[in-house]
Amino acid sequence: MIYPLFSTTRASHRRTRCSIVLALFACLGAACCGGCRRAAETNAAAVPRAPQFTVWGERGARPGEFTEPRALAASPDGFVYVVDTTGRIQKLTTNGKYIAAWRSPKLRYDQPEGPEGIVVLPNGNIAFTNTHDSKVLIYSPQGKLIRTFGTYGTGRGQFLLVTGICADREGFLYAADYGGEFDRVSKWTQNGKPVASWSGHGDRPRQFRRPCGLAISIEGDLLVADINNHRIQRLNRKSGAWISSLGVRGRGAGQLNYPYGVAVDSRGNIYVVEYGNHRVQKFSPGGKFLAMAGVPGRAPGQFANPRGIAVDKDFNVYIADTQNHRVQKLRFAAP
């Protein structure tokens, strides 16, 4: 179902109210984080920065409103797609203007499935994870369902609770799933054919404890937000071999606390959103801490258990501010 555009007085006032832009100083400092296969970078203190925040939406079911948004994706043609726990996908401009929406067709106990991952594919279609239905759904940009794949289980071509999803330059999809003492990242074609599967439960290299957000680094490696191990793992996207890890548990600069999402910009900088620390951090391609922004709270520039992150071609960063039922847009000062 596509919702019509709306332009009511109430919505207009809300957009005005939610467009308050504040400058907040980032909390910066030295950090310890995992390296990668390139020469290690030193973690010298970063220059203080003041990212600018813009707030979109509030709690609700109307167009441009959200109920616990969990994931989002930015497309090259200037749109942002946001999924929330009602199973609704909303399409907005990069300025937060509502364009359209549709819902996942599968309900569980008469309730939406609450997707946790979404990605714009190289051909412009949108794939998202129908988490509790153990499926990936692929839509056109207009909201037409093209195909689904996946069934419940731990075998080849199956998922348990499927969470994060991303795509590489060649169009292969990568999905994360978990359940009990089972954790896995798998590789698929866009037609739903399984290519590879890398499973492992634990805290050693290439083992996971609830993997979620996924992204492709500028070098072409697979980045995995390993939530309960409080780190980002870097894997070879072809073999699944472990390359490095970024982060240790903590609240300091460069440390992580339940990282749900990871994103990469066109310069290779890595962005991580932390559910437990209510903030976003920016790292260089080699894992050097650059900046952070966000503290717990309800005001612009403050977060409540954020879960999703995306970055567009203009280096704007979008955060699914989950428990505040909104999206926040920010831009760090250029490195």
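Quick note: structure is the one above.
Reading the values: rules and limits
- Residues numbered from 1 in each chain as written.
- Predicted model: local features only at pLDDT ≥ 70, side-chain atom pairs only at ≥ 80, totals over all residues.
- Heavy atoms only, no water.
- Pairing = 2+ DSSP bridges.
- Helix = DSSP H or I, 4+ residues; strand = E, 2+ residues; numbered from the N terminus.
- Axes fitted to C-alpha atoms, helices over the stretch in contact; angles between N-to-C directions.
- Salt bridge = Lys/Arg side-chain N within 4 Å of Asp/Glu carboxyl O.
- Phe/Tyr/Trp six-rings, centres within 6.5 Å; stacked < 30°, edge-to-face > 60°.
- Buried < 20%, exposed > 50% of the residue type's maximum accessible area, 1.4 Å probe, protein only.
- 1 Å grid on protein atoms, 1.4 Å probe; cavity = no way out; pocket = protein on both sides within 12 Å on 5 of 7 lines; lining within 4 Å.
- Points joined across faces, edges and corners; volume = space filled by probe spheres on them.

Trainee: Can you lay out the sheet that holds strand 9 (residues 118–120) for me, pointing to particular residues and giving the numbers?
Mentor: Two modes of strand pairing occur in sheets, parallel and antiparallel, and in both the strands are linked by backbone hydrogen bonds. Ordered in space as 9-10-11-12, the four strands form an open sheet in which the pairing is antiparallel. Two strands bound the open sheet, and with one partner strand each, they are strand 9 and strand 12 (145–149). Within the sheet, the average angular offset between the axes of one strand and its neighbour, ignoring direction, is 20°. Here strand 11 (residues 135–139) pairs with strand 12 via four bridges, running antiparallel.

Trainee: A description of the pattern of salt bridges should follow, citing residues and the corresponding values.
Mentor: It is possible for side chains of opposite charge to pair when their charged atoms get near one another. Counting across every chain of the model gives 14 salt bridges. For the salt bridge of D84 with R88, the shortest nitrogen-to-oxygen distance reads 3.7 Å. The partner of E274 in a salt bridge is R279, with the nearest N and O atoms 2.6 Å apart. If you follow the salt bridges from partner to partner, you end up with R70, E116, R210 and R307 in one network.

Trainee: Go over the packing of aromatic side chains, please, and point to the residues and values.
Mentor: Using the criterion set out here, one finds ten aromatic pairs in the structure. Judged by centre distance (6.2 Å) and plane angle (75°), the rings of F283 and F289 are edge-to-face. For F283, a relative accessible area of 0% puts it in the buried group. Every member of this aromatic cluster is reached through a ring pair, and the members are Y81, W102, F128 and Y139.

Trainee: How would you explain unusual backbone geometry if you had to name every residue and give the values?
Mentor: Phi is positive for R206, which is not a glycine, with a value near 60°. By the secondary structure assignment, R206 is in the loop between strand 18 (194–199) and strand 19 (211–216). Accessibility expressed as a relative area gives 26% for R206, which makes it partly exposed. Unlike most non-glycine residues, F315 shows phi in positive territory, near 70°. For F315, the location among the structural elements is in the loop between strand 29 (308–311) and strand 30 (317–321).

Trainee: Go over the pairing of strand 20 (residues 222–226), please, and point to the residues and values.
Mentor: For strand 20, the buried fraction is high: five of the five residues fall into the buried class. Side-chain alternation along strand 20 places L222, V224 and D226 on one buried face and L223 and A225 on a second face that is also buried. By the bridge criterion, four bridges tie strand 19 to strand 20 in an arrangement that is antiparallel. Paired with L214 across the two strands is V224, which belongs to strand 20. Here strand 19 folds back onto strand 20 in antiparallel fashion, the turn holding five residues, of which G220 has a positive phi close to 95°. With five bridges joining them, strand 20 and strand 21 (residues 231–235) adopt antiparallel strand pairing. Within strand 21, the position partnered with D226 by the bridge is R231. With antiparallel pairing between neighbouring strands as the criterion, strand 20 and strand 21 make up a hairpin whose turn holds four residues, including H230 at a positive phi of roughly 55°.

Trainee: Provide a residue-level description of the layout of surface pockets, including the pertinent values.
Mentor: Within this model, the largest pocket holds a volume of roughly 1,100 Å³. Lining of the largest pocket is provided by 41 residues; of these, A74, V119, A167, V264 and V311 occupy positions nearest its centre. Elements with a minimum of two residues in the lining of the largest pocket: strand 3 (69–74), strand 9, strand 15 (161–167), strand 19, strand 23 (259–264) and strand 29.

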